[in-house]
Every structure is written in C-alpha cells, then in structure tokens.
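One-letter residues, chain by chain:
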Amino acid sequence: MKRPTIKDIAAAAGVSKGAVSLALNGRSGVSESTRSRVLGVASSLGYRPSVTARALSSASADAVGLVLVRPPRALGDEAFFFQLIAGMQSEMSCALLLQVVSSREEEIELYQRWWAEHRVDGVFLVDLLVSDPRVELMPSLGMPAVVVGGAGHHGELASVWADDYAAMTSVVEHLKALGHRRIARVAGLASLLHTVRRDSAFASSVVDGVVVAGDYTAESGARATRELLGMAEPPTAIVYDNDVMAVAGAEVAADLGVSVPSELSIVAWDDSVLCQHGRLTALSRDTFAFGARAARALVAVIGGASPTDVEDVLPELVVRGSSGPAPVG
C-alpha cells in the first residue's frame with residue numbers, strides 16, 4: 001500500500017500543504033481546530049513522519065530564504081535582484097534558498113512549509129504590499145524575517161529601506177529645472193508599496209502628470225511609451241520605474257522619430273549596465289551594499305537581536321545623455 005504523504009493529508013483535510021506541515025511539526029501558525037483536524041486525518045491515513053526528518057528538524061537549517069513572485073522569464077531581465085542577492089550572499093556563510101512562484105498565495109504556503117520542515121532559519125521579504133499579509137504571518141510563525149523596502153509598513157519586523165518618495169521628488173525637480181512641465185510616469189505594479197510612494201511623490205510634484213501602469217517588462221515599457229507619445233499633447237519627459245522599461249521606451253521613441261533628449265527626456269529608476277550603455281539618466285544606488293545591509297539585519301535577528309529599522313542612502317540621480325532642456329513651444 002502506498003505510504004500517505006503530506007499532499008494526501010492536505011487534500012483530505014481541505015487545507016494547504018504548509019498548514020499540514022505546521023500542524024504535524026507542532027509549529028505555530030495554524031488554529032487549534034485546524035491542527036486537530038490535520039492530526040486526525042493523518043492518523044486515519046496511517047501517516048508516520050520520517051525519523052530522519054524529525055532528527056534534522058531540531059538543528060539549524062544553515063539557510064535563509066528569498067521568494068520572488070513573478071514570471072520566471074521576467075526575472076532574467078532584472079539586474080536589480082542579481083545585485084541585491086549578490087550583496088546578501090556576501091554577508092552570509094549559510095546558503096540562500098531562492099524560489100520563484102506565480103502568486104502571493106504560493107509564496108505564503110511556501111513560507112509555512114519551509115518553517116514547518118525547518119528548511120530555513122529566516123527569510124527576506126521583498127516587494128512589500130500596502131497591506132501585506134506576510135508582515136503578520138512571520139510573527140505568528142515565529143519566523144525571523146527582514147523586510148527589504150518596507151518603510152513604515154513592516155510592523156514588528158526588521159526593515160531596510162530607501163526613501164522612494166524623496167527619490168521621485170528629486171527626479172521631478174531635475175526635470176522641472178530643465179523646463180519640463182508635461183511629465184509622465186511609467187509605473188510598476190500598483191499593488192506594491194514602493195509604487196504607491198512613488199505615485200504619491202509624483203502627484204505632489206507634477207501638475208496634471210500622466211501615469212501609465214507597467215509591469216517592469218520591456219513589452220509593458222514599449223506599450224506605455226507608444227500610448228504616451230500618441231497623445232494629442234505628448235509628454236516632453238517620461239520617468240520609468242525600472243531600467244528595462246526605460247530602455248524599451250527609448251527604442252520606441254527612436255522608432256517613432258522622436259529625438260532623445262531634444263524632444264523627449266527619459267529617466268530610469270535603478271541604474272544598471274543597460275542604462276550606462278544606453279546613456280540613460282538614472283537613479284543610482286549601491287544595490288550590492290543594500291543587499292549586504294539586509295543580510296546583516298537578518299543574521300542579527302536570527303541570532304536573537306531586536307529588529308532594527310534601517311534607512312539606506314538616498315538614491316542619487318546620475319545625469320547622462322537622455323535628459324535635457326524641454327523643447328521650445
């Protein structure tokens with residue numbers, strides 16, 4: 001007879017595999033009624049935990065986790081995360097367990113399973129939402145965590161962040177000083193906290209500014225740029241939420257015969273090799289060092305230190321050939 005698995009128990013009990021792992025391992029994070037139901041189902045199915053796994057669960061996992069919610073193909077274009085991960089790894093002697101999932105629900109279930117099965121000693125939380133269930137989940141699990149980029153919304157968790165509001169304001173002031181008044185923005189995902197903070201700064205700094213939603217891909221950057229440049233009164237400057245969308249936007253402008261920077265100024269968020277080679281004006285910060293600070297914070301929390309709230313250095317605008325005076329007329 002086939003030996004029952006956690007998947008079998010989850011299906012029979014009507015809960016996630018993560019909840020089953022928490023219940024079977026006596027971890028917090030599930031209600032007592034759910035725990036009783038899971039244990040009852042496990043008993044009825046004849047489930048027996050692995051002796052080896054039980055022995056390992058009392059030791060340090062010697063690993064920390066990072067989960068990214070995005071299409072796997074999209075990750076390859078994001079230089080930011082490669083630099084961030086490199087910085088994290090530079091400050092840790094343990095392994096970094098990276099997994100890409102397609103939804104927040106999968107992400108949360110993964111944390112529950114990792115913690116219940118003692119796969120990691122703590123995690124980095126990125127892409128914070130305005131109202132983020134992970135902020136309450138981590139304390140309920142007792143799982144050490146550091147929020148990367150969660151200014152003011154990280155609850156009792158440790159946090160390392162940069163001021164997106166001030167950074168966006170500096171970009172708009174640069175463009176205004178060049179005479180631009182019709183300024184547009186190609187934003188990232190609307191659900192993310194840093195998008196909301198950038199939107200707020202943009203709305204406070206630009207009169208009648210136009211915002212078009214993107215998703216950090218080249219396709220969305222190109223599509224948004226065509227929409228903006230097709231307007232009756234197109235913008236004379238566009239600010240993009242990442243380097244990939246900005247490069248795509250510059251290519252669309254060239255295809256449409258719109259000269260950069262004499263007719264259109266372009267500014268990218270998060271400087272990269274793409275921006276440097278394309279001579280794009282960009283907000284620059286030491287992402288490697290940012291990742292290293294986050295790693296030090298997580299190592300400290302795992303070691304029992306109180307959570308800290310660390311503001312990183314404000315990104316600096318690096319002016320290159322894609323921004324210039326607003327066209328006359």
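The following refers to the structure shown. For clarity, every value in this text was computed on a predicted model and none was experimentally measured.

Cut-offs and rules
- Residues numbered from 1 in each chain as written.
- Predicted model: local features only at pLDDT ≥ 70, side-chain atom pairs only at ≥ 80, totals over all residues.
- Heavy atoms only, no water.
- Phe/Tyr/Trp six-rings, centres within 6.5 Å; stacked < 30°, edge-to-face > 60°.
- Helix = DSSP H or I, 4+ residues; strand = E, 2+ residues; numbered from the N terminus.
- Buried < 20%, exposed > 50% of the residue type's maximum accessible area, 1.4 Å probe, protein only.
- Lys NZ or Arg CZ within 6 Å of the ring centre and 35° of its normal.
- Expected span 1.5 Å × (residues − 1).
- Contact = heavy atoms within 4.5 Å.
- Pairing = 2+ DSSP bridges.
- Axes fitted to C-alpha atoms, helices over the stretch in contact; angles between N-to-C directions.
- Polar contact = N/O pair within 3.5 Å; in protein donor to acceptor, adjacent residues only side chain to side chain.
- Salt bridge = Lys/Arg side-chain N within 4 Å of Asp/Glu carboxyl O.
- Right-handed = clockwise from strand over helix to strand, strands pointing away.
- Core = buried A, V, L, I, M, F, W, Y, C linked by side-chain atoms within 4.5 Å.

Comments concerning the packing of aromatic side chains
Centre-to-centre distance and the angle between the planes together describe a pair of aromatic rings.
Right, on to step 1. All chains considered together, the criterion is met by two aromatic pairs.
Right, on to step 2. An angle of 65 degrees between the planes, with centres 6.4 Å apart, marks the rings of Tyr111 and Trp114 as edge-to-face. Here Trp114 and Tyr111 lie together in helix 7 (residues 104-116), a separation of three residues that amounts to about one turn. The same class applies to Tyr111 as to Trp114, namely buried.
Right, on to step 3. One cation-aromatic arrangement involves Arg285 over Phe290; the distance from NZ or CZ to the ring centre is 4.6 Å.

So, helix 11 (residues 218-229)
Right, on to step 1. If you check helix 11, its first and last C-alpha atoms are 16 Å apart, about what 12 residues at 1.5 Å a residue would give, namely 16 Å.
Right, on to step 2. Looking at the buried side of helix 11, the elements it contacts are strand 6 (183-187), strand 7 (210-213), strand 8 (237-240) and helix 12 (243-255).

Observations concerning the sheet that holds strand 10 (residues 281-284)
Right, on to step 1. With respect to topology, six strands assemble into an open sheet ordered 7-6-8-9-10-12, the strand pairing being mixed. The open sheet has two edge strands, strand 7 and strand 12 (316-318), and neither has a second partner. Direction aside, the axes of adjacent strands within the sheet are offset by 20 degrees on average.
Right, on to step 2. Sitting on the sheet, helix 10 (residues 193-205) touches strand 6 and strand 7, and the angle it makes with strand 6 is about 175 degrees.
Right, on to step 3. The strands that helix 12 touches are strand 6, strand 8 and strand 9 (265-268); relative to strand 9, the one it contacts most, it runs at about 160 degrees.

A closer look at the environment of Leu68
Right, on to step 1. Within the fold, Leu68 resides in strand 1 (residues 63-69).
Right, on to step 2. With 34 residues separating them along the chain, Leu68 and Ser102 place their C-alpha atoms 8.3 Å apart.

Regarding the side chain of Ser323
Right, on to step 1. Following the sequence through the fold, Ser323 ends up in the segment after strand 12.
Right, on to step 2. For Ser323, a relative accessible area of 10% translates into the label buried.
Right, on to step 3. A polar side-chain atom of Ser323 sits 3.2 Å from a polar atom in the side chain of His174.
Right, on to step 4. Of note is the side chain of Ser323, whose polar atom sits 2.8 Å from the side chain of Thr281.

What about the pattern of salt bridges?
Right, on to step 1. With the rule as written, the count across this model stands at 15 salt bridges.
Right, on to step 2. A salt bridge links Asp127 to Arg70; its shortest N-O distance comes to 3.1 Å. On the criterion of sequence distance, the pair formed by Asp127 in the loop between strand 3 (123-125) and helix 8 (133-141) and Arg70 in the loop between strand 1 and helix 5 (72-75) is long-range, its members being 57 residues apart.
Right, on to step 3. Here Asp164 and Arg198 are joined by a salt bridge, their closest N and O atoms 3.0 Å apart.

Topic: the pairing of strand 8
Right, on to step 1. Every second residue of strand 8 is oriented toward a common face, with Ala237 and Val239 on one face and Ile238 and Tyr240 on the other, all of them buried.
Right, on to step 2. Pairing of strand 6 with strand 8 involves four bridges; the strand directions are parallel. Within strand 8, the position partnered with Ile183 by the bridge is Ala237.
Right, on to step 3. In this fold, the crossover linking strand 8 to strand 9 by way of helix 12 has right-handed handedness.

A short note on the nonpolar core
Right, on to step 1. Among the nonpolar cores identified, the biggest contains 35 residues, and Tyr111, Val123 and Met138 are the most heavily contacted of them.
Right, on to step 2. Of all the elements in the fold, those that place two or more residues in this core are helix 1 (6-13), helix 2 (17-24), helix 3 (32-45), helix 7, strand 3, helix 8 and strand 4 (145-148).
Right, on to step 3. When sequence neighbours within four positions are dropped, the list of residues in contact with Tyr111 reads Val67, Val123, Phe124, Leu125, Arg134, Leu137, Met138, Leu141 and Met143.

Describing the pairing of strand 10
Right, on to step 1. With two bridges joining them, strand 9 and strand 10 adopt parallel strand pairing. Paired with Val267 across the bridge in strand 10 is Thr281.
Right, on to step 2. Note: strand 10 against strand 12, three bridges, orientation antiparallel. Across the sheet, Ala282 pairs through a bridge with Val318, a residue of strand 12.

A short note on the environment of Asp215
Right, on to step 1. Positionally, Asp215 belongs in the loop between strand 7 and helix 11.
Right, on to step 2. By relative accessible area, Asp215 is classed as partly exposed at 35%.
Right, on to step 3. Residues Asp215 and Ser44, spaced 171 residues apart in sequence, show a C-alpha to C-alpha distance of 47 Å.
Right, on to step 4. Those residues in contact with Asp215, other than ones at most four positions away along the chain, are Ala187, Leu189, Ser220 and Met245.
Right, on to step 5. Among the polar contacts listed, one links the side chain of Asp215 to the side chain of Thr217, at a separation of 2.5 Å.
Right, on to step 6. Here Ser220 takes part through its side chain, which lies 2.8 Å from a polar atom of the side chain of Asp215.

A short note on the environment of Tyr111
Right, on to step 1. The class of Tyr111 is buried, set by a relative accessible area of 0%.
Right, on to step 2. Residues Tyr111 and Pro261, 150 residues apart in the sequence, show an inter-C-alpha distance of 46 Å.

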